[in-house]
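# Structural overview for review
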Amino acid sequence: MDDRSDRRSVVNRAQSPDGRPSMAQVAAHAKVSHQTVSRVVNGATGVKPATRERVEAAIRELGYRRNNAARTLVTSRSGLIGVIAVGSFLYGPTRTLAGIEEAARSHDFTTLLATIRSGGDGELSEQFERAIDTCLDRSVEAIIVIAAQEDVVRQVPMFAVDVPLIVVGPPQSHLPGLSTFSVDQRQGAKDAIAHLGELGHRRILVLTGPGRWIDAQERRTGALDECEARGIAAEVVAGDWSPASGYEAGRALADRADGVPTAIFSANDAMALGLLAAFNEAGVTVPDDVSLIGFDDIPEAAYFSPALTTVHQDFTTLGHRVLEAAAALIGGQEPDMSAVPPVLLVRSSTAQPPEQAREKKR
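The paragraphs below set out a description of the structure included in this document. Within each chain, residues carry numbers counting from 1 in the order of the written sequence. Totals for whole chains, interfaces and linings use all residues, but because this is a predicted model, local features are given only for residues with pLDDT of at least 70 and pairs of side-chain atoms are given and counted only at 80 or more. Heavy atoms from the whole structure form the basis of all side-chain values; hydrogens and water molecules are not counted.

Attention now goes to the environment of Leu 196. By secondary structure assignment, the location of Leu 196 is in helix α9 (residues 185–199). Measuring from C-alpha to C-alpha, the distance between Leu 196 and Cys 227 comes to 9.8 Å, with 31 residues separating the pair along the chain. In this analysis, two residues are considered to be in contact whenever any of their non-hydrogen atoms come within 4.5 Å of each other. In contact with Leu 196, other than residues within four places in its own chain, are His 201, Ile 204, Ala 263, Ile 264, Ser 291, Ile 293 and Thr 350. Secondary structure elements are taken from DSSP: a helix is a run of H or I of four residues or more, a strand is a run of E of two residues or more, and numbering for both begins at the N terminus.

Here it is, written out as structure tokens:
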């Protein structure tokens, strides 16, 4: 069995309380006292080299990993919080990371970032395992997982750790029994559709994000639920978060014989930017011909032409609340894990449907 398999067996044993080796078992295996094992684990001096080697061999053979949460009660704290994220430069995950880092400094913590790449379940599982090992080997006091995609969410329950674990992104319903933290994506999408409905729009196109992303799933569900509740005819087109996919959707809409719908809900601002570019080229005017609303409120959204109506997510607040929840769990307290509410920002890209606007002018 190779080293990677050895590590996997160690992590998997942590899934069962009966399978995790204790310090007493290491002591018995090495034929030394519990105190000697503790001194070796904590790097204390005064242990004979031969004895230290015997203890370290027992640790390797049994797959022992010290309980860092208990260790902090009798030794100095590490002050480290591990953050595991899929490598992504999208606005939301990046801003969440920045918020966590900023809050960590204010709470005298240091973050240890481990990034993993997207891949098949087997490859992702190995990467996730290595990231957890990296965090635990550095004696982190808590682990925060930014799980923006469902394949990452599936990995989390497979690995039990003995430090507080918080998953950022999915709502509680996706990971029952674990601590999760999120912006209320579904409510944000409902608010966007409600705004369009109150303006009088009855034909709305929903441009979704990629299906494997949790945020995309939640926004799609919220938007379609609100359309159904209001009796609004909804059309769904799949995008991939990029301006390019918004541009392609916009060109296809502008070329349709039946014309564009009166309003579009874009599941993020980047795709809305692509839509605006395509409509500008095709002579479709926003909001006179079609209203457009986005999601995220990226810094540039207020400077689009026209300024984009969008759903604001306060990623700084999200990051701070995640870190505060981790600090509370480390201290044995029960944190507030309620979702961060989104805020609808109405700007110039939404208006009444063209027919209502024309009637109003008569």
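After that view, the rundown keeps rolling.
Omega for the peptide link from Val 286 to Pro 287 comes to 5°, which places this bond in the cis form. Within the secondary structure layout, Pro 287 lies in the loop between α12 (269–282) and β9 (291–293). In this chain, Ser 305 is followed by Pro 306 through a cis amide linkage whose omega measures 0°. Considering the arrangement of structural elements, one finds Pro 306 in the loop between β9 and β10 (310–312). Here the phi dihedral of Asp 108 falls at roughly 65°; this positive angle occurs in a residue that is not glycine. Inspection of the secondary structure assignment puts Asp 108 in the loop between α6 (91–106) and β2 (110–116). For Ser 139, which is not glycine, the phi dihedral falls at a positive 60°. Inspection of the secondary structure puts Ser 139 in the loop between α7 (121–137) and β3 (142–146). Type-normalised accessible area, obtained with a 1.4 Å probe on protein chains alone, sets the label of each residue: buried when under 20%, exposed when over 50%, and partly exposed for intermediate values. For Ser 139, a relative accessible area of 8% gives the class buried.

With that settled, the discussion passes to the sheet that holds β9. The 4 strands lie next to each other as β7-β6-β8-β9, forming an open sheet whose pairing is parallel. Among the strands making up the open sheet, the edge pair consists of β7 (233–238) and β9. Taking each pair of neighbouring strands and ignoring which way they run, the sheet shows an average axis angle of 20°. Sheet topology note: the strand β8 (residues 263–266)/β9 ladder contains 3 bridges and is parallel. Bridged to Ile 264 within β9 is Leu 292. Between the N-to-C directions of two axes lies an angle of 0 to 180 degrees, each axis being a line fitted to C-alpha atoms and, for a helix, fitted only over the stretch in contact. Its contacts with the sheet place α9 against β6 (203–208), β8 and β9, and it is angled at close to 170° to β8. The strands that helix α10 (residues 214–230) touches are β6, β7 and β8; relative to β7, the one it contacts most, it runs at about 160°. Two strands qualify as a pair provided DSSP detects at least 2 bridges between them.

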